[in-house]
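Listed here are the chains, written in short residue letters.
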2 protein chains.
Amino acid sequence: MSDEDQRPPERARRLPRAVRERQILDAAVRVFSQHGYHSASMDEISEVAGVSKPMIYTYLGSKEDLFGKSIQREATRLLEAIQAGVQPDLPPDMQLWHGLRSFYRFVAEYRESWTVLHRQALTVGGGFAAEITAMRTRAIELVAALVVAAGTRKGLGEQTEFSGPGLAAALVGAAESLADWALDHPEISDGVLASWLMNLVWLGFNDLVEGQVWKPSAG
Amino acid sequence: MSDEDQRPPERARRLPRAVRERQILDAAVRVFSQHGYHSASMDEISEVAGVSKPMIYTYLGSKEDLFGKSIQREATRLLEAIQAGVQPDLPPDMQLWHGLRSFYRFVAEYRESWTVLHRQALTVGGGFAAEITAMRTRAIELVAALVVAAGTRKGLGEQTEFSGPGLAAALVGAAESLADWALDHPEISDGVLASWLMNLVWLGFNDLVEGQVWKPSAG
């Protein structure tokens, strides 16, 4: 607060609106990730951003608006990070590998984004949860396309089209749950996390495609 | 409501408290699963249960109390259903198989329980989300024990102890996400769902244990 007081008002006013808005959203994501939506206060967001509360209301609206815009920005960031990693010309397993690495790199680098997207957004409910659900559905569809493509390559078209969407839902759930676990284990690198999943899931899927099937042995 | 009016009051009063409480909780789970916590009304719960609102408050407390007790009861039911399916003398893969089948059978049979536990409880936040998180952690620990046991059998002690908890978190996330997907695909049986996961995850894990490793091929 004292820094704010010493800053010449002209300089503070001269910052472009886009920069101010970014400062506010950065602060909002930090405060929401620490306290959750319900306990987060506009006072703290104002203090962390170094922007007055009236200016926050003028630029970005209420706490609810701020939360919605935080989720939107972080979801876009996450999807862009993953898409930047995926190279569509590579075989399906390599696409998945690059996508997973980008995902885990993002979660490690932007812990607060992931916390807000995964842990907080669902606890608020309503429209926010619906937005997250829509994002998950898109992720599952993308992975399902990879699974079906891999199955079709091996001549398993119909069979993979039947199970592909279910397997993709399982894979996305596995990736998210491991990301959540990784928040408490920052010593494990994105490469190690992604290769655990590839070994767990992709090798199993490969076996399935090759006709090797797990069957109950007894009981 | 008209049935209630025609019922002789003596008979209504003679129902034991435990039966009344079960009726109320059954109604609460149904209404919460349909409307979510925030939109659910005590009026509707009272109507579905055929129990007056004052009696609900006397027996089980406020809407918040009712939601907490619903979650507690359904979580206990779910864990008991899974435990009843698991046979601890069987090899790890068969334990997992039976556990998964019991899980998917429960989700198919008690759709409303799973909806309240998985979709609704997190949207309310606070203590409820903490309770669900604790239940998930317990599930991950149980699966981690199976994974480590399977790894140790194959002489992979240390390596599986390192990755076991992460793999278990991935597996539990995969199982939950597939359960959520299955809510919209009731035509897929619990046996098929469980065998998808066994083939996806367990075969992959088996390969890993056998020393077969997925490695990036290029890029």
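In this text the structure is predicted, and so the values were computed from the model without any measurement. (Residues numbered from 1 in each chain as written. Chains lettered and ligands numbered in written order. Predicted model: local features only at pLDDT ≥ 70, side-chain atom pairs only at ≥ 80, totals over all residues. Heavy atoms only, no water.)

Focus on the overall build of chain A
1) Next: A count of helical and extended segments in chain A gives 11 helices and 0 strands.
2) Next: Counting helices and strands in the order they occur from the N terminus, chain A gives α-α-α-α-α-α-α-α-α-α-α.
3) Next: Counting all 219 residues of chain A, 51% fall into the buried class.
4) Next: Considering only residue pairs separated by 6 or more positions, chain A has 68% of its internal contacts joining residues 24 or more positions apart. (Helix = DSSP H or I, 4+ residues; strand = E, 2+ residues; numbered from the N terminus. Buried < 20%, exposed > 50% of the residue type's maximum accessible area, 1.4 Å probe, protein only. Contact = heavy atoms within 4.5 Å.)

A look at the side chain of S70 of chain B
1) Next: Structurally, S70 of chain B is set in helix α6 (residues 63-85).
2) Next: Looking at S70 of chain B, its side chain comes within polar contact range of the main-chain oxygen of L66 of chain B, at 2.8 Å. (Polar contact = N/O pair within 3.5 Å; in protein donor to acceptor, adjacent residues only side chain to side chain.)

A look at the UniProt feature "DNA-binding region" (unreviewed entry) in chain A
1) Next: Here, UniProt's "DNA-binding region" (unreviewed entry) annotation points to residues 41-60 of chain A.
2) Next: Each end of residues 41-60 of chain A is marked by a C-alpha atom, and these two atoms are 15 Å apart; helix forms 80% of the span and strand 0%. (UniProt positions renumbered as here; feature names shortened; annotations may be inferred.)

Some remarks on the pattern of salt bridges
Residue and element names in this part refer to chain A.
1) Next: Across all of its chains, the model carries 18 salt bridges over all chains by this definition.
2) Next: With a shortest N-O distance of 2.8 Å, D26 and R73 are connected by a salt bridge. Here D26, found in helix α3 (residues 17-39), pairs with R73, found in helix α6 (residues 63-85); they are 47 residues apart in sequence, far enough to count as distant.
3) Next: According to the relative accessible area criterion, D26 is partly exposed, its value standing at 36%.
4) Next: For R73, a relative accessible area of 17% corresponds to the buried category.
5) Next: For D43, the salt bridge goes to K53, with nearest N and O atoms at 2.9 Å. Residue D43 is located in helix α4 (residues 42-49), and its partner K53 is located in helix α5 (residues 53-60); the two are separated by 10 residues in the primary sequence.
6) Next: Exposure remark for K53: the relative accessible area of 29% places this residue in the partly exposed category.
7) Next: Among the charged side chains, a network of salt bridges with common partners joins D26, R73, E74 and R77. (Salt bridge = Lys/Arg side-chain N within 4 Å of Asp/Glu carboxyl O.)

Focus on the nonpolar core
1) Next: Of all hydrophobic cores here, the largest spans 128 residues; its most connected members are L66 and Y104 of chain A together with L66 and Y104 of chain B.
2) Next: Dropping the residues within four chain positions of it, L66 of chain A is found in contact with I24, L25, A28, F32, M42, I45, I56 and L60 of chain A. (Core = buried A, V, L, I, M, F, W, Y, C linked by side-chain atoms within 4.5 Å.)

With respect to the side chain of D190 of chain B
Residues and elements named next belong to chain B.
1) Next: Its location among the elements puts D190 in helix α11 (residues 190-209).
2) Next: In this structure D190 comes out as buried when scored by relative accessible area, which is 18%.
3) Next: Here the side chain of D190 touches R101 through a polar contact of 3.0 Å, side chain to side chain.

Some words on the environment of A129 of chain B
1) Next: Counting through the fold element by element, A129 of chain B comes out in helix α9 (residues 126-153).
2) Next: In this structure, the C-alpha to C-alpha distance between A129 of chain B and L117 of chain B, residues 12 residues apart in sequence, is 9.4 Å.

A closer look at the environment of V143 of chain A
1) Next: With respect to the helices, strands and loops of the structure, V143 of chain A is situated in helix α9 (residues 126-153).
2) Next: In this structure V143 of chain A touches A168, L171 and V172 of chain A, once residues within four positions along its chain are discounted.

Some remarks on the packing of aromatic side chains
1) Next: For the structure on display, the rule yields 14 aromatic pairs over all chains.
2) Next: Aromatic side chains Y37 of chain A and F67 of chain A sit 4.9 Å apart centroid to centroid with 55° between the ring planes, which places their arrangement in the tilted category. In this pair, Y37 of chain A sits in helix α3 while F67 of chain A sits in helix α6, placing the two residues 30 residues apart along the sequence. Comparing Y37 of chain A with F67 of chain A shows no difference in burial state: the two are buried.
3) Next: Each ring, one from W181 of chain B and one from W196 of chain B, has its centre 5.9 Å from the other, and the planes form 55°; the classification is tilted. In this pair, W181 of chain B sits in helix α10 (residues 157-183) while W196 of chain B sits in helix α11, placing the two residues 15 residues apart along the sequence. Accessibility classification places W181 of chain B together with W196 of chain B in one group, the buried group.
4) Next: Members of the aromatic cluster, connected to one another through ring pairs, are F32, Y37 and F67 of chain A. (Phe/Tyr/Trp six-rings, centres within 6.5 Å; stacked < 30°, edge-to-face > 60°.)

Regarding α4 of chain A
Residue and element names in this part refer to chain A.
1) Next: For α4, the set of buried residues is M42, I45, S46 and A49. Mapping the buried residues of α4 onto a view down its axis gives an arc of 100°, with all of them on the same face.
2) Next: Looking one or two residues beyond α4, the residue adopting positive phi is G50, at roughly 65°. (Arc of directions from axis to C-beta.)

Thoughts on the packing of helix α3 (residues 17-39) of chain B against helix α5 (residues 53-60) of chain B
Residue and element names in this part refer to chain B.
1) Next: Contact pair α3 / α5: the axes reach a minimum separation of 11 Å and the direction vectors enclose 110°. Relative to α5, the element α3 is oriented roughly perpendicular. Residues R17, R20, E21, I24 and L25 of α3 lie in contact with α5, whose contacting residues are M55, I56, T58, Y59 and L60. (Axes fitted to C-alpha atoms, helices over the stretch in contact; angles between N-to-C directions. Parallel < 35°, antiparallel > 145°, perpendicular 65-115°, else oblique.)

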